[in-house]
Every structure is written in C-alpha cells, then in structure tokens.
Amino acid sequence: SHSMFQMSLIRPGPNYTISPGNTVKVTKMDPRDTQFNCTILGSMAMDCITRPVSTYSCKILSTSRMALFVGVCPAQIDPLNLFNYQVGFFLYLGSGELFSGPPHNAARTPFYPQLHSLLHTGSEVVVNMIADPELPPGTAIRTFTINGITLPPAFPGIPLSQPLFPAIIMSDNDDTIQFKQS
C-alpha cells in the first residue's frame, strides 16, 4: 500500500523552521544575529555514484542581502557551527566566491564576480553533482545554474568517499528559501 507519510527533504535543526512545500525560514532568538549559524541539510545524499547527475535546487523567496552559501557537505556537521563552509563545497551567493574544505581548500576564491547581477528574490539556484568520466573514479564535479544560466564548473575532483548532502548556510533572520531535490 502507498504510504501517506512522506519523509521531509530537510533535516530539522536549530535556527530555522520548515513549512509545507519544503519552505525553510531562518528564525533566530536574536533577530540581530547575522552569523552563519544556520546550516540546513537535505535528508538525502547527493548520489552520483549510481547515476550520472544528482541535483537539488533552492528558490530564494526572501532575503535581506543574499547572505547564503549553497553547496554540499558531509552529514556529521554541527548546524550551529559558524564555519561549515570550510568542510563542504560551497558557492557564496553574496559575492560569487568559492569556499571549501580539502582537497580544494577554497577560501574566498574568486569564481563568478558578476553573480549578484543574476540574483534577485525569486531566483532559483540549481546545484548539480556530476560524475565526469574524465575525472578519476570516485570523484565528481559541481556545477551551478542560476535562473537557467549555467556557470562554469566548480570543484573538479570532489571525493565521493563519504556521502555529501545538500547544504544551504544562511545567516539573516527571516530569509526564506524553498528546497527541492530530485
């Protein structure tokens, strides 16, 4: 029989609320808190081992200053940690810079400086992980598509030795996104 229960696409966590339709809103005790202590993790790992492409998207429903990181990271993170962008692989929407842990160790790495001109309320950011046949086995490459415009590839050779999950790091109270994973 078909179950009426559908697992949430998003793991519950501190500093945000999840509404129907997988809408996530930053809700902090102190509305003046603008630290990156709100990491939202998808509940399904990005799978580009059994299929060539794994995708999720984040639609920006409201934001005060586009202070969001979109990317992937391992499941065993503390969602309140201010530096989760150092353990995963992220694009910072506020500047178009890349941030990551090993092996790339990106920190404010210039990537797509004109990104701000593509983004607005209602923008959809699609994150793809692709198993590229030209890369070593067990690794993947990341691409980002913003409102239908595909950016250059980022982070070639991401190791797939541990599962990586969709991750969105947010900071500003009341910023709201809608999450989808296929």
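As a reminder, the structure under discussion sits directly above these lines.
These lines cover the structure that appears in this document, whether it is placed above or below. (Residues numbered from 1 in each chain as written. Predicted model: local features only at pLDDT ≥ 70, side-chain atom pairs only at ≥ 80, totals over all residues. Heavy atoms only, no water.)

1. Focus on the pattern of salt bridges
When the charged atoms of two side chains lie near each other, side chains of opposite charge can form a pair. Worth spelling out the cut-off: For salt bridges, the criterion is a side-chain nitrogen of Lys or Arg within 4 Å of an Asp or Glu carboxyl oxygen. Strands here are runs of E lasting at least two residues and helices are runs of H or I lasting at least four, both read from the DSSP assignment and numbered beginning at the N terminus. Each residue is placed in one exposure class: buried if its accessible area under a 1.4 Å probe, protein chains only, is under 20% of its type's maximum, exposed if it is over 50%, and partly exposed if it falls in between.
What the rule picks out here adds up to 5 salt bridges. The closest approach of N and O atoms between Asp 172 and Arg 65, which form a salt bridge, is 2.6 Å. With Asp 172 in the loop between strand S13 (165-170) and strand S14 (176-181) and Arg 65 in the loop between strand S4 (53-62) and strand S5 (68-73), the pair connects residues that are 107 residues apart, well separated along the chain. The exposure class assigned to Asp 172 is buried, which follows from its relative accessible area of 4%. Glu 97 is the salt-bridge partner of Arg 108, the closest N and O atoms lying 3.2 Å from each other. With Arg 108 in the loop between strand S7 (97-100) and strand S8 (109-110) and Glu 97 in strand S7, this pair connects stretches of sequence that are 11 residues apart. Note on Arg 108: relative accessible area 54%, which makes it exposed. Residue class for Glu 97 comes out buried when judged on its relative accessible area of 14%.

2. Here's the deal with unusual backbone geometry
In this structure, the amide linkage connecting Pro 102 to the following residue, Pro 103, adopts the cis form with an omega of 0°. As for its position among the elements, Pro 103 is in the loop between S7 and S8. Even without being glycine, Phe 155 reaches a positive phi, approximately 55°. Considering the arrangement of structural elements, one finds Phe 155 in strand S12 (residues 154-159).

Interpretation in functional terms is not warranted from these geometric data alone.
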